[in-house]
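Residue-level listing of the chains:
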Amino acid sequence: MAQTEVQSSTSTKPITSFSPETCAELVDKLTTDQLLREAQYVLDTEVLADLFSTRATRSGATSQPDSKQLSVELKSHFMSVSDSVHKLTLDIESLTTGISREIDQTAERIRQASSEMGKLQEHIGAAQQLLLEVTRTTPPLSQNVGATPTLSTGTSSTPTGTVPFEKLDVADKFASFKVSDLDKSCTYDRVYKNRRVAFYGEYPYRYPGGYHKARPITDNTYLRGIADKLSKSYPMLEFNSAMVTKYDSPDSSIPPHSDDEECIAPDSSIVTLSLGSDRIVVFRRKLPGKYERQEFTVKHGEVYVMSRASQEEWDHSVPPVKRAKFPGTRLSITFRLLRKPTIAPPAGTPPKRNSDTSETTEAPIRKVLILSDSKNMTFDCSSLSEPTVAFRKNLFYLRDLSAAQAVNRAGGSGLNQCWYQRPPTRESRPTYSAQPPGGFYWTF
Ligand SMILES: O=C(O)CCC(=O)C(=O)O
Ligand SMILES: [Fe+2]
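The following paragraphs examine the structure supplied in this document.

What counts, and where the lines are drawn
The written sequence of each chain sets the order in which its residues are numbered from 1. Chains carry letters from A onward and ligands carry numbers from 1 onward, assigned in written order. Per-residue local features of the predicted model are confined to residues with pLDDT of at least 70, and side-chain atom pairs are confined, for both listing and counting, to 80 or more; whole-chain, interface and lining totals are unaffected and use all residues. Side-chain descriptors were evaluated using all non-hydrogen atoms of the structure, hydrogens and water having been removed beforehand. By definition here, a salt bridge exists when the distance from a side-chain nitrogen of Lys or Arg to a carboxyl oxygen of Asp or Glu is within 4 Å. Numbering of helices and strands runs from the N terminus, with a helix taken as a DSSP run of H or I at least four residues long and a strand as a DSSP run of E at least two residues long. Burial classification: accessible surface area is computed with a 1.4 Å probe over protein chains only, and a residue below 20% of its type maximum counts as buried, one above 50% as exposed, and the rest as partly exposed. Any N or O atom pair separated by 3.5 Å or less is treated as a polar contact, with the protein-specific requirement of one donor-capable and one acceptor-capable atom, and with residues adjacent in sequence counted only for side-chain atom pairs. Residue contacts are defined here by distance: any two heavy atoms, one from each residue, within 4.5 Å place the two residues in contact. Whether a residue is near a molecule or strand depends on its heavy atoms: if one lies within 4 Å, it is near. Each accessible area is a Shrake-Rupley estimate made with a 1.4 Å probe; only the visible protein chains count as cover when residues are assessed. Under the convention adopted here, Pro, Cys and the residues Ala, Val, Leu, Ile, Met, Phe, Trp and Tyr are nonpolar, Asp, Glu, Lys and Arg are charged, and Gly plus all remaining residues are polar.

## Quick notes on the pattern of salt bridges
Here the idea is simple: oppositely charged side chains can pair when their charged atoms come close.
And then number 1: The tally for this structure, following the rule as stated, stands at 15 salt bridges.
And then number 2: A salt bridge links arginine 224 to aspartate 228; the nearest nitrogen and oxygen atoms lie 3.8 Å apart. Here the residue arginine 224 and the residue aspartate 228 both occupy positions in helix H5 (residues 221–233), the gap between them amounting to four residues, near one helical turn.
And then number 3: Here lysine 299 and aspartate 278 are joined by a salt bridge, their closest N and O atoms 3.5 Å apart. Placement of lysine 299 in the loop between strand S12 (290–298) and strand S13 (303–306) and of aspartate 278 in the loop between strand S10 (270–276) and strand S11 (279–287) is noted, with a sequence separation of 21 residues between them.
And then number 4: Lysine 299 gets classed as partly exposed once you look at its relative accessible area, which sits at 38%.
And then number 5: Salt bridges sharing common partners tie together Arg285, Glu292 and Glu313.

## Looking at the side chain of arginine 308
And then number 1: Counting through the fold element by element, arginine 308 comes out in helix H6 (residues 308–313).
And then number 2: Given a relative accessible area of 13%, arginine 308 falls into the buried group.
And then number 3: Side-chain polar atoms of arginine 308 contact the side chain of glutamate 312, separated by 3.3 Å.
And then number 4: Those residues in contact with arginine 308 that lie beyond four places of it in its chain are Asp259, Asp260, Glu261, Ile264, Ala265, Asp267 and Ser268.

## Details of the site of ligand 1
And then number 1: Around ligand 1, the surrounding shell holds 13 residues, and the nearest of these are Tyr247, His257, Tyr304, Arg330 and Ser332.
And then number 2: The side chain of tyrosine 304 places a nitrogen or oxygen atom 2.7 Å from an oxygen atom of ligand 1.
And then number 3: Between ligand 1 and arginine 336, the relevant distance is 3.0 Å, taken from an oxygen atom to a side-chain nitrogen or oxygen of the residue.
And then number 4: For ligand 1, whose unbound accessible area comes to 290 Å², protein coverage reaches 99%.
And then number 5: Contributions of two or more residues to the shell around ligand 1 are made by strand S8 (241–247), strand S9 (254–257), strand S14 (314–318) and strand S15 (330–336).
And then number 6: Class assignment of the residues belonging to the shell around ligand 1 gives a composition of five nonpolar, five polar and three charged.

## Considering unusual backbone geometry
And then number 1: A positive phi angle is found at alanine 171, which is not glycine, with a value near 50°.
And then number 2: In this fold, alanine 171 is placed in the loop between strand S3 (166–168) and helix H4 (179–185).
And then number 3: Taking relative accessible area as the criterion, alanine 171 reaches 64% and is therefore assigned exposed.
And then number 4: In the Ramachandran plot, aspartate 267 falls in the positive-phi region, its phi being about 65° despite a non-glycine side chain.
And then number 5: Along the chain, aspartate 267 falls in the loop between S9 and S10.
And then number 6: By relative accessible area, which is 71% here, aspartate 267 ends up exposed.

In short, the description is geometric, and any link to function would need to be established separately.
Have a look at this one:
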């Protein structure tokens, strides 16, 4: 004990200055009960004294309260403490309940998420499996003709190299377009021995044996309707030109060739829509010492696609056929993506395709005389092809007679009639047939 003054429960007087040894002796003499009582007293007194001094300081009181009042206050103090503890316990209980509910809900969410995750992983696994399978069975992109998954396979793929073409799964989308309507709408700007061609495109198209100037597709509303439908239905097919080829008899044909010109955008596909009579399209691939051959019959409303890569390996043709089997007219429209030319086209006649020797180069310009009565001098000249020069409203120079025929048809009742005029030669003066063949033919 380091105190110099202590209070004993047994004596109200302070006991002063006991040495530690004396204290030890005194303590030795006390019974256990006495010791406990002493200890309790010291404790109580210290607590009460503390409380008292705090209250006294707060209220400014100086006198000590009696023990009864003190005990009442103590009791009320403990009651309020125990009240708070009770409230706290309740709060803690309700918090614990809330928290454990949250924990339960979170655990449920985690359980659901992990089950979703399991399913997702299954899907990912299946997709990876599929991808592996596709990678294993698909040839490299550069070798694959369509290379577009939306194209349906209409042909067998060869074990090595490219497939020559792929049919587009168009159902009956283009079946309602009529070969006669398209024919009427076209102004053919090149006439070959066995076919005629009308080209419409943003940029000119040059190929061995042929050259077509740019001509807006808006010039031909029927063709434009077809092109719009194609690009709306298959936006992945990119093109800026449409070339109509007319096969008007079973002898009409196009010889073997590849559409691999520089002016065609690299890696773009060539899309062909067929209208009218069925025809056979033949593909050949040069192998050592022989040709590999594939062919298919293309029908009205069908579309086939050839990749640029396939053009490097295969050529294609539409050969002449037997009349009995393929009696009618066929028009094909080939859609290409052409590049803007960087240099002006060389002057003169372009060289012929090696395999295309049977063809004429360019249709000769012919004069067409169109007669009208004085009341009806207007013609729909939009269908007349270049170079079109009108003299006194009646005379046009044309390469393509079908345009004049179209005007003729449009003319109707005979008020507007047109005659074709062959260029006069030195030897022969123009002759006029009194009764032109077909009623509308006038020769020199
Ligand atoms: O008429 C066809 O189907 C083919 C036409 C063609 O090969 C072409 O215009 O280059
Ligand atoms: Fe072609």
